[in-house]
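Inside the fold
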Amino acid sequence: MSKVALPAGLDWILVIIGEIMIAVGVISDLIAAIGLLRFPNFYVRLHAATIGTIWGAFVPLIGAALVAAGADFLGKYRWFMAGGAVITAILILILGPAGSHALARAAHRSKAAVVQPKVVDHLEEDSHAFTPEEKGGKEGEDEVKEGGEP
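Please read all numbers here as calculations on a predicted model, not as lab measurements.

1. Overview of helix α1 (residues 10–38)
- For α1, built from 29 residues, the straight-helix expectation of 42 Å at 1.5 Å per residue is met to within 8% by its first-to-last C-alpha distance of 42 Å.
- Listed in full, the buried residues belonging to α1 are Asp 11, Leu 14, Val 15, Gly 18, Gly 25, Ser 28, Ala 32 and Gly 35.

What follows is the structure in structure tokens.
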């Protein structure tokens, strides 16, 4: 089996860059934890939690992938470790913001987290939009009948 070798010195560069990225993740997690404790309401705390997810999980996973790629002693398994870290980082990058959006929407719709004072709330304005009955029409009036006739 052929051994994939990186150019001389590149191993150490990957390890150092990876360790810096892991350190950035540790600092970001610390800042996000402080934000969770200090911020005044649910939505701002959710913002801090999402920052902690992206900068505290995505960046260190990419750093771990670089460290694994530069770890010559792992042999061919270093590429499996690096690939797994990158795939996990991509999943976190996609699912982290989607999850925080779902939490914020559920909290807003259930009115579990009320924010005062409130400057503007576009979601509340949208929930008070007119229904067809309020406009004077009948619901289902525009539906097509079974025979294909309007």
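Continuing now.
2. Points about the environment of Val 114
- Secondary-structure assignment places Val 114 in the loop between α3 (77–110) and α4 (122–127).
- Here Val 114 falls in the exposed class, since its relative accessible area comes to 57%.
- Residues Val 114 and Tyr 43, 71 residues apart in the sequence, show an inter-C-alpha distance of 9.5 Å.

3. Some remarks on unusual backbone geometry
- Non-glycine residue Lys 111 carries a positive phi angle of around 60°.
- Since its relative accessible area comes to 62%, Lys 111 is described here as exposed.

4. What about the packing of aromatic side chains?
- Tallied over the full model, the rule gives two aromatic pairs.
- Between Phe 42 and Tyr 43, the ring centres sit 5.3 Å apart and the planes meet at 75°, which makes this aromatic pair edge-to-face.
- Under the relative-accessibility criterion, Phe 42 is labelled partly exposed at 32%.
- The class of Tyr 43 is partly exposed, set by a relative accessible area of 24%.
- Relative to Phe 80, the ring of Tyr 77 lies with its centre 6.2 Å away and its plane at 40°, an arrangement referred to as tilted. With Tyr 77 and Phe 80 both in helix α3 and three residues apart, this pair spans about one turn of that helix. The pair formed by Tyr 77 and Phe 80 is uniform in burial state, with each residue classed as exposed.

5. Notes on α3
- An ideal rise of 1.5 Å per residue puts 50 Å on 34 residues; α3 measures up with 48 Å between its terminal C-alpha atoms.
- Most pronounced at Leu 95, the bend in α3 amounts to some 30°, and the proline Pro 97 follows within four residues.
- Considered for burial, the residues of α3 that qualify are Arg 78, Ala 82, Ala 85, Ala 89, Gly 96, Ser 100, Ala 104, Ala 107 and His 108.
- Positive backbone phi, approximately 60°, marks Lys 111, located one or two places after α3.

6. Here's the deal with the environment of Ile 17
- Note on placement: Ile 17 falls in helix α1.
- When its relative accessible area of 39% is taken as the criterion, Ile 17 is described as partly exposed.
- Here the alpha-carbon distance between Ile 17 and Val 67, two residues 50 residues apart in the chain, equals 7.9 Å.

7. Describing the environment of Ala 49
- Along the polypeptide, Ala 49 turns up in helix α2 (residues 42–70).
- Judged by relative accessible area, Ala 49 falls into the partly exposed class, the value being 28%.
- A sequence separation of 47 residues divides Ala 49 from Gly 96, and the C-alpha atoms of the two residues are 9.5 Å apart.

Reading the values: rules and limits
- Residues numbered from 1 in each chain as written.
- Predicted model: local features only at pLDDT ≥ 70, side-chain atom pairs only at ≥ 80, totals over all residues.
- Heavy atoms only, no water.
- Helix = DSSP H or I, 4+ residues; strand = E, 2+ residues; numbered from the N terminus.
- Expected span 1.5 Å × (residues − 1).
- Buried < 20%, exposed > 50% of the residue type's maximum accessible area, 1.4 Å probe, protein only.
- Phe/Tyr/Trp six-rings, centres within 6.5 Å; stacked < 30°, edge-to-face > 60°.
- Bend = angle between axes of the 7 residues up to and from the residue.

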